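What the coordinates show
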Amino acid sequence: SQGRPYAYLPIAAGGTSFPYQIRYDGKQVRNLRLSGETLAKIFTNQITNWDDPAITADNNGHPLPSLPITPVVQSEGSGATAQLTRYFATEYPGIWQAYAGSDAMTEYYPRQGNQIAQNGSNGAMNYVSSSVANGAIGYVEYSYPLSENYPVALLLNKAGYYTLPTQYNVAVALEKAQINMDKSSPDYLLQNLDNVYTDPDPRTYPLSSYVYMIEPTGVYPSPETKI
């Protein structure tokens with residue numbers, strides 16, 4: 001910050017969503033359900049085909065076609081990647097650490113195997129919805145698939161319900177977020193989402209979070225005293 005005083009300012013809230021393309025017999029599946037554990041195994045290359053028994057179990061025993069899974073990750077440092085990997089590292093540390101070699105979140109996804117890297121949520125969304133991407137699944141802010149009427153996975157919450165990242169479900173979930181109110185802390189106003197992940201309310205979407213901007217506070221040091 002070069003001496004500039006600042007604080008994190010939460011300016012929006014939303015859910016990390018998982019758009020996917022699964023087509024067979026010329027039709028797109030639109031009611032995919034995934035648990036967090038299944039999702040973690042997909043994005044760590046442990047589950048590689050849509051007919052995997054874990055995915056079948058998530059979908060009431062209805063099997064999906066034999067189709068290779070192509071995880072689409074974001075190539076640049078992104079908030080969506082940070083939120084996803086924090087969720088994996090917190091809720092499924094064994095799966096995440098075995099894959100990433102670390103038990104920490106990261107904004108740069110450690111791409112491995114047949115994963116496809118795209119620049120930003122826009123690039124990831126464009127790839128998943130393209131004609132060459134049957135079998136793909138990515139992670140983006142919900143506004144991207146919502147604006148295209150594109151399906152996203154329903155995610156299992158701790159109450160046993162599969163939910164979408166609607167504004168209502170996100171708002172309910174973030175009632176459990178803990179905000180650091182210590183003005184002397186470098187994490188002042190930042191979120192702790194641990195209780196959001198484990199909220200037993202049936203209406204919650206587990207991967208809900210705030211979006212931040214960095215806001216200057218006070219007076220800039222010289223030579224910017226007039227700003």
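See the structure printed just above.
Residues numbered from 1 in each chain as written. Predicted model: local features only at pLDDT ≥ 70, side-chain atom pairs only at ≥ 80, totals over all residues. Heavy atoms only, no water.

1. A few points about the environment of Gly77
For Gly77, the location among the structural elements is in the loop between β5 (70-74) and α3 (79-91). According to the relative accessible area criterion, Gly77 is partly exposed, its value standing at 32%. Between the alpha carbons of Gly77 and Gly120 there is a distance of 8.4 Å; along the sequence they are 43 residues apart. What Gly77 contacts, discounting residues up to four positions off in sequence, is Glu107 and Tyr108. (Helix = DSSP H or I, 4+ residues; strand = E, 2+ residues; numbered from the N terminus. Buried < 20%, exposed > 50% of the residue type's maximum accessible area, 1.4 Å probe, protein only. Contact = heavy atoms within 4.5 Å.)

2. Considering the side chain of Ser121
Relative to the helices and strands, Ser121 is located in helix α5 (residues 120-128). Of the polar contacts made by the side chain of Ser121, one reaches the side chain of Gln74; its length is 3.1 Å. Residues in contact with Ser121, not counting those within four places in the same chain, are Gln74, Val140, Glu141 and Tyr144. (Polar contact = N/O pair within 3.5 Å; in protein donor to acceptor, adjacent residues only side chain to side chain.)

3. As for the nonpolar core
The biggest cluster of nonpolar side chains holds 40 residues, and the ones touching the most others in it are Phe18, Phe43, Trp50 and Ile137. Among the elements of the structure, α1 (36-42), α3, α4 (93-100), α7 (167-173) and α8 (194-197) are those that each provide at least two residues to this core. Take this core: its biggest share by element is 5 residues, from α3. If near-sequence neighbours (up to four positions away) are discounted, Phe18 is found in contact with Leu39, Phe43, Leu84, Ile137, Gly138, Tyr139, Pro151, Val152, Ala153, Tyr205 and Leu207. (Core = buried A, V, L, I, M, F, W, Y, C linked by side-chain atoms within 4.5 Å.)

4. A few points about the packing of aromatic side chains
This model, assessed by the stated rule, comprises 12 aromatic pairs. Seen in terms of ring centroids, Tyr8 and Tyr212 are 6.3 Å apart; in terms of plane orientation they differ by 90 degrees. Their pairing is edge-to-face. Of this pair, Tyr8 sits in strand β1 (residues 6-17) while Tyr212 sits in strand β13 (residues 208-216), and the two are 204 residues apart along the sequence. Overall, Tyr8 belongs to the partly exposed group, its relative accessible area being 23%. With 6.2 Å between their ring centres and 55 degrees between their planes, Phe18 and Phe43 make a pair best called tilted. Linking Phe18 in the loop between β1 and β2 (23-24) with Phe43 in the loop between α1 and α2 (53-58), this pair joins segments that are 25 residues apart in sequence. Note on Phe18: relative accessible area 1%, which makes it buried. The structure contains a cluster of three or more aromatic residues connected by ring pairs, namely Phe18, Phe43, Tyr87, Phe88, Tyr92, Trp96, Tyr99, Tyr109, Tyr139 and Tyr197. (Phe/Tyr/Trp six-rings, centres within 6.5 Å; stacked < 30°, edge-to-face > 60°.)

5. Structural notes on the pairing of β5
Counting buried positions along β5 yields 5 of 5 residues, so the element is predominantly enclosed. Neither face of β5 is left uncovered, since the one carrying Thr70, Val72 and Gln74 and the one carrying Pro71 and Val73 both have all their residues buried. As paired elements, β5 and strand β7 (residues 136-138) share 3 bridges and run parallel to each other. Bridge assignment links Val72 to a residue of β7, and that residue is Gly138. Note that β5 and strand β6 (residues 116-118) share 3 bridges and pair parallel. Within the sheet, the bridge partner assigned to Gln74 lies in β6 and is Gln118. (Pairing = 2+ DSSP bridges.)

6. Concerning the sheet that holds strand β4 (residues 33-34)
Read from one edge of the open sheet, 3 strands run β4-β9-β10, paired in mixed fashion. Each of the sheet's edge strands pairs with one partner strand only, and the pair in question is β4 and β10 (162-163). In terms of strand pairing, strand β9 (residues 154-156) meets β10 through 2 bridges, oriented antiparallel. Bridged to Leu155 within β10 is Thr163.

7. Here we look at the side chain of Ser208
Structurally, the position occupied by Ser208 is in strand β13. At 2.7 Å, the side chain of Ser208 and the backbone oxygen of Tyr205 are in polar contact. Apart from the residues within four sequence positions on either side, Ser208 is in contact with Gly14, Gly15, Asn169, Val170, Ala173, Leu174, Leu193 and Val196.

8. Here's the deal with α4
Among the residues of α4, those classed as buried are Ile95, Trp96 and Tyr99. Buried residues of α4, seen end-on, are gathered within an arc of 90 degrees and therefore sit on one face of the element. Among the exposed residues of α4, those oriented more than 90 degrees off its buried face are Gly94 and Ala98. In the core, the buried residues of α4 are packed alongside α1 and α3. Directly after α4, the chain includes Gly101, whose backbone phi takes a positive value near 75 degrees. (Arc of directions from axis to C-beta.)

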